[in-house]
Amino acid sequence: MAFLAVAPTAQRRGLGTAMLTHHRTRLDRIDLTAWTDITTTAQTLYTRHGYTPLPAVTLPDGPTLQPMRRNAAHHGAIPTNAAHPAGHRWQNLNS
């Protein structure tokens, strides 16, 4: 995900949580670690989704950004899509 933002008038309705949950699920399926830079106001949301804060960076004449990292939750599974089962295409990949 290149960019995640929720309009101020739509915040606190679960939209950011829904997007992060979807993104986290996709990353975990492929065992991919994620990094992000956020404004400090979003730190609680990202922490709830498994991101760990790194030392903050204050930009010259700009905002303070909070770098964060999240390790993938490796499950050892091949990506699946219940709406479009893989059938026999993946049967030999788990051997």
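Okay, so let's go over this structure. (Residues numbered from 1 in each chain as written. Predicted model: local features only at pLDDT ≥ 70, side-chain atom pairs only at ≥ 80, totals over all residues. Heavy atoms only, no water.)

In this section: unusual backbone geometry. Backbone geometry at arginine 12 places phi at a positive 70°, although glycine is not the residue there. When its relative accessible area of 87% is taken as the criterion, arginine 12 is described as exposed. One non-glycine residue, aspartate 31, lies in the positive phi region at around 55°. Along the polypeptide, aspartate 31 turns up in the loop between helix 1 (15–29) and strand 1 (34–39). Among the residues examined, aspartate 31 registers a relative accessible area of 39% and is labelled partly exposed. (Buried < 20%, exposed > 50% of the residue type's maximum accessible area, 1.4 Å probe, protein only. Helix = DSSP H or I, 4+ residues; strand = E, 2+ residues; numbered from the N terminus.)

Aromatic rings considered in pairs are described by the distance between their centres and by the relative angle of their planes. The full count for this structure, using the stated rule, is 1 aromatic pair. Aromatic pair tyrosine 46 and tyrosine 51: ring centres 5.2 Å apart, planes at 80°, arrangement edge-to-face. Per residue, the accessibility class of tyrosine 46 equals that of tyrosine 51, and both read buried. (Phe/Tyr/Trp six-rings, centres within 6.5 Å; stacked < 30°, edge-to-face > 60°.)

Before going further, it helps to spend a moment on the side chain of histidine 49. With respect to the element layout, histidine 49 can be found in the loop between helix 2 (43–48) and strand 2 (52–53). A residue is classified by how much of its surface remains accessible, and histidine 49, at 6% relative accessible area, is buried. A polar contact is formed between the side chain of histidine 49 and the side chain of arginine 24, at a distance of 3.1 Å. Residues in contact with histidine 49, not counting those within four places in the same chain, are Thr17, Leu20, Thr21, Arg24 and Arg70. (Polar contact = N/O pair within 3.5 Å; in protein donor to acceptor, adjacent residues only side chain to side chain. Contact = heavy atoms within 4.5 Å.)

Function cannot be inferred from these measures alone, as they are strictly geometric.
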